[in-house]
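As a plain string of letters, each chain reads:
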Amino acid sequence: MKLHAARNELIDVAQGRRSADLYIKGGTLINVYSGEFLKQNVAVYKDSIAYVGESEASIGENTQVIDANGKYISPGFIETHAHPWVFYNPISVTEKVLPLGTTTTVNDNLFFYLHMGSKGFKQMLNDLKVMPGNFLWLVRLVSQADYPGEREWFHPADIQEILDDEQVVGTAEVTRWPLLYKADPFLLDTIDVVKEKGKIVDGHNAGCSYEKLNSIAASGVDACHEAITAQEAFDRLRLGLWTTLRNSSLRPDLPEVIKLITEGNVKTNRVLMTTDGPHPAFIEKEGFVDGLVRQAVELGVPVMDAIQMVTLNAATYLRLDDYIGGIAPGKRADVLILPNIEDFRPELVVAGGEVAAEKGELKAPLPEINWESYVVREPFTVSKSVLENPDLYKYPHSLSDDSVPVVYFKSNVITKAKETELPSVNGFADISNQEGMVYSALIDRNGKWVTKGILERFAIDLDGMASTYNTTTELLVVGRDSKAMAKAASRVHEIGGGIVVVDGEDIILEISLPLTGMMNTDSSFDTAVKNHDELLTVLQERGFPFHDILYTLLFLTCDFLPGLRLTPYGLYDVKTDNILLPAEPVPALLGKEEG
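Note that the structure is predicted; figures quoted are calculated from it, not measured.

1. Digging into the domain arrangement of the protein
Size of an interface: often given as the accessible area lost when the parts come together. For the protein, the domain assignment lists domain 1 (1-76 + 327-362), domain 2 (77-325) and domain 3 (384-588). If you look at the interface, domain 2 gives 34 residues, while domain 3 gives 40 residues. Carbon and sulfur atoms make up 68% of the surface buried where domain 2 meets domain 3, a total of about 3,000 Å² over both sides. When residues of domain 2 are sorted by the area they lose upon contact with domain 3, Phe87, Phe111 and Leu250 head the list and together hold 27% of the total. Joining domain 2 to domain 3, the criterion identifies one salt bridge. One salt bridge in this structure joins Asp559 and Arg176, with 3.8 Å as the shortest N-O distance. Put simply, domain 2 and domain 3 have 15 residue pairs in polar contact (both at pLDDT 80 or more) between them. Going through the elements one at a time, helix H2 (90-97), helix H3 (110-127) and helix H12 (280-286) are the ones with two or more residues in the side of domain 2 that touches domain 3. Looking at the side of domain 2 that touches domain 3 element by element, the count peaks at six residues for H2.

2. Re the UniProt feature "domain: Adenine deaminase C-terminal" (unreviewed entry) in the protein
The positions that UniProt labels "domain: Adenine deaminase C-terminal" (unreviewed entry) are, in the present scheme, residues 413-576. Across residues 413-576, the secondary structure splits into 24% helix and 34% strand, with the terminal C-alpha atoms separated by 18 Å.

3. A closer look at the side chain of Thr80
Among the structural elements, Thr80 can be located in strand E8 (residues 77-82). Thr80 sits in the buried class, given a relative accessible area of 3%. Residue contacts for Thr80: discarding those within four places in its chain leaves Val106, Leu138, Leu272, Met273, Ala314, Tyr317 and Leu318.

4. What about the pattern of salt bridges?
Per the counting criterion, the structure on display carries 33 salt bridges. Linking Lys384 and Glu388 is a salt bridge whose minimum nitrogen-to-oxygen distance equals 2.9 Å. Between Glu510 and Arg491 there is a salt bridge whose closest N-O contact spans 2.7 Å. Taken together, the positions of Glu510 in strand E29 (residues 506-512) and Arg491 in helix H17 (residues 482-495) put the pair 19 residues apart, joining distant regions of the chain. Judged by its relative accessible area of 24%, Arg491 falls in the partly exposed class. Members of the salt-bridge network, linked through shared partners, are Glu226, Arg246, Arg251, Asp253 and Asp276.

Cut-off values and rules
- Residues numbered from 1 in each chain as written.
- Predicted model: local features only at pLDDT ≥ 70, side-chain atom pairs only at ≥ 80, totals over all residues.
- Heavy atoms only, no water.
- Domains from an automatic or database assignment.
- Contact = heavy atoms within 4.5 Å.
- Buried area = accessible area lost by both parts, 1.4 Å probe.
- Salt bridge = Lys/Arg side-chain N within 4 Å of Asp/Glu carboxyl O.
- Polar contact = N/O pair within 3.5 Å; in protein donor to acceptor, adjacent residues only side chain to side chain.
- Helix = DSSP H or I, 4+ residues; strand = E, 2+ residues; numbered from the N terminus.
- UniProt positions renumbered as here; feature names shortened; annotations may be inferred.
- Buried < 20%, exposed > 50% of the residue type's maximum accessible area, 1.4 Å probe, protein only.

Below is the structure:
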């Protein structure tokens, strides 16, 4: 991270020989270094802090003076574990969260890399350098679901080249943590390279026992955000991991995991907080990092500790505390003016020395990005005519007295195998008299394979839905009516990615997600909120019983959470590590390209 202000210039401002560009006067400084609340002023020159104290010698005739009397001066908030692809995109999410005080986000690159590859992703990084605030990245080493050709796409040379970029601060979570437990050579070799570069290794160790967590810590992982109980948080902290307490749309766990602090009385210097990629409506209602601080304080965490966890602690974890995380001379000028320390909603946001937002409204310009210019994978190469055949979505089942491994939803994302006897009609399972069951198919965008399953407790009255929003970004199709499923799938093909819901022959909802099949390209966050709310409402009206449809879709096709999953290799039982129904080739007759 490079700053534009020269050190001799900052010294001149500090001694009053040069005028500050911006001077914050009369506020109470939240000093995260000493843990004190101090009545002090702050002088800013270019993008850096030049002075903190009582002197006003650096105020010149062109200095912008900000009156912070009766208010609090806080470092900008830091989100160390963001996913800028939950319908929103990097531009639209910045439009929303920067005015809420998050001046630094550290972002997972998974779906960008899957569709852009190394070259396209690096081009995008370069174009996003002009974003207000600090928009940093973590690089995936593997995807969230194994697929043919994965190791070639995530090539060590490509990954290591990306890691050299100054905007990349380390590697992203390995959701398939058993690979680390089994000492996967590529992962361990790359982690060694990351350590040599002085960068971080983020972790994801959901369901990992204390004994197994020892091996994960030994692999070089620095942090984990997957604790869902205070005991699990203790396990991570005691084994030397930076322990990230999460409160997100899928896992609103803060009231439980915060007991690490409120009841466990641990030192908080290695404790962080994250929102972990919440859906758009959650951010709209609960806020972003500001919401974490707000709730932590409401739950009994001292204000200073709560702010340190999302400022100094976060910067230290990222190995960027020489630049961000606090208000002191020589640091980057990421500063918030807070009217109070109850709701932590900033009145003014300064990012890199510039006023970036005021009273919740973004003032800094956002770049115009041509997202398509980075993508190297075509949305679909499978012919639309393939997707229009209803038989593609039917579950093969020849004998009525044989049981079928139904994917039963226990919660938003946890499933289990439920052996169920189903009648067979013309070689396919018949669910017409089975309340609560739907067919599902995960179809390769290139038309090479299809994985099939039957879901229960997903939606009762859903005729057809197709979605590229899932962890593979292939085409996931769900429904009770194979004709409606075919119509939804063919429409998603036409729009180049997104989500379509069909009742009978009528399309009742269409959400275009042209960017990797996961994101809209609108610069307005409101569009993402609208899309999410419409989808959740339509699905809940058709029997979806849970609260977070986006993560249900996302994780149905992963291969690391308990239960049955639709993966590129087939219907997979994670607990037994067995393929229950292998993926089958798309029928050759259907696989021919049109024309």
